[in-house]
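# Structural characterization, general
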Amino acid sequence: MPMEDCLFCKIIAGDIPSAKVFENDEVFAFRDINPQAPVHVLIVPKKHVANVIEGAACGLMNALCGAAAQIAAQEGIDKTGFRLITNCGHDGCQSVGHLHLHLLGGRQLSETMA
Ligand code: AMP
């Protein structure tokens, strides 16, 4: 099931080290190597799918959002608030071709989304 040459598949497999914050049967989550906020966690499905279009088509988004809610509580940002982002494709500036949600929080985020 892991995709050869996929960075996040290698992280999930433990072949590349990561700072894991959460794991269940379907989801793996770890700290972003280049954090944009005090809390910046990447939430990825263990199954390799390219982006949110494929993830939605195979019913993975519930598991990812459920994990995001759990991680937000674990990180202590569920009450203060946070942002969940998934970049998709070229115009969305997706740089890793394995679906991931960015969970950002721990400070007042900018109103600018783009
Ligand atoms: P995106 O640009 O939406 O595809 O996001 C990819 C994210 O992966 C970026 O925020 C990177 O900082 C992050 N990233 C790249 N390599 C690693 C790594 N080895 N460990 C953790 N995060 C990474």
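Residues numbered from 1 in each chain as written. Predicted model: local features only at pLDDT ≥ 70, side-chain atom pairs only at ≥ 80, totals over all residues. Heavy atoms only, no water.

Across soluble globular proteins, nonpolar side chains show a tendency to be buried alongside one another. Formed by 20 residues in total, the largest nonpolar core has its most connected members in Phe22, Val27, Ala29, Val41, Ile43, Leu64 and Ile71. Mapped onto this core, the elements with two or more residues apiece are strand E1 (20-23), strand E2 (27-31), strand E3 (39-45), helix H3 (61-74) and strand E5 (101-105). By residue number, the principal contributor to this core is H3, which donates 7 residues. Residues Cys9, Ile11, Phe28 and Val96 belong to the second largest nonpolar core, which totals 10 residues. (Core = buried A, V, L, I, M, F, W, Y, C linked by side-chain atoms within 4.5 Å. Buried < 20%, exposed > 50% of the residue type's maximum accessible area, 1.4 Å probe, protein only. Helix = DSSP H or I, 4+ residues; strand = E, 2+ residues; numbered from the N terminus.)

Let's shift gears to H3. Here H3 spans 20 Å end to end across 14 residues, near enough to the 20 Å set by a 1.5 Å rise per residue. All of the buried residues along H3 are Met61, Ala63, Leu64, Ala67, Ala68, Ile71 and Ala72. Those residues of H3 that are buried lie in contact with E1, E2, E3, helix H2 (52-57), strand E4 (82-85) and E5. At the C-terminal side of H3, Gly76 shows a positive phi close to 75°. (Expected span 1.5 Å × (residues − 1). Contact = heavy atoms within 4.5 Å.)

Under the defined criterion, the tally for this structure stands at 5 salt bridges. Note that Glu23 is salt-bridged to Lys20, the shortest N-O span being 2.7 Å. The partly exposed category is assigned to Lys20, whose relative accessible area is 47%. Across the pair Glu23 and Lys46 runs a salt bridge whose closest N-O atoms are separated by 2.8 Å. With Glu23 in strand E1 and Lys46 in the loop between E3 and H2, this residue pair connects regions lying 23 residues apart in the sequence. The partly exposed category is assigned to Glu23, whose relative accessible area is 38%. Each of the salt bridges in this network shares a partner with another, and the network as a whole consists of Lys20, Glu23 and Lys46. (Salt bridge = Lys/Arg side-chain N within 4 Å of Asp/Glu carboxyl O.)

To continue, consider unusual backbone geometry. Although it is not a glycine, Asp5 adopts a positive phi angle of roughly 70°. The backbone of Cys93 sits at a positive phi, close to 60°, despite the residue not being glycine. Inspection of the secondary structure assignment puts Cys93 in the loop between E4 and E5.

As enumerated under the stated definition, the model contains 2 aromatic pairs in all. Where Phe8 meets Phe30, the ring centres are 5.4 Å apart and the plane angle is 75°; that geometry is what we call edge-to-face. Within this pair, whereas Phe8 is found in helix H1 (residues 7-13), its partner Phe30 is found in strand E2, the two being separated by 22 residues in sequence. For the pair Phe8 and Phe30, a shared accessibility class is recorded, and that class is buried. A ring pair is formed by Phe28 and Phe30, whose centres lie 6.0 Å apart and whose planes are at 45°; its orientation type is tilted. Each member of the pair Phe28 and Phe30 is classed as buried. An aromatic cluster is built from Phe8, Phe28 and Phe30, whose rings are joined through pairwise contacts. (Phe/Tyr/Trp six-rings, centres within 6.5 Å; stacked < 30°, edge-to-face > 60°.)

Let us look at the site of the ligand. The ligand sits among 16 residues. The nearest are Asp32, Asn87, Ser95, His100 and His102. The side chain of Asp32 places a nitrogen or oxygen atom 2.5 Å from an oxygen atom of the ligand. Within the backbone of Ser95, an N or O atom sits 2.7 Å from an oxygen atom of the ligand. Alone, the ligand offers 500 Å² of accessible surface; in the complex the protein occludes 82% of this. At the level of secondary structure, the elements contributing two or more residues to the shell around the ligand comprise H1 and E2. If one sorts the elements of the shell around the ligand by residue count, H1 sits on top with 3 residues. Split by residue class, the shell around the ligand holds 8 nonpolar, 6 polar and 2 charged. (Near = heavy atom within 4 Å. Polar contact = N/O pair within 3.5 Å; in protein donor to acceptor, adjacent residues only side chain to side chain. Areas by Shrake-Rupley, 256 points an atom, 1.4 Å probe, with all protein chains shown as cover. Nonpolar A, V, L, I, M, F, W, Y, C, P; charged D, E, K, R; others polar.)

Nothing here speaks to function; it is all geometry.
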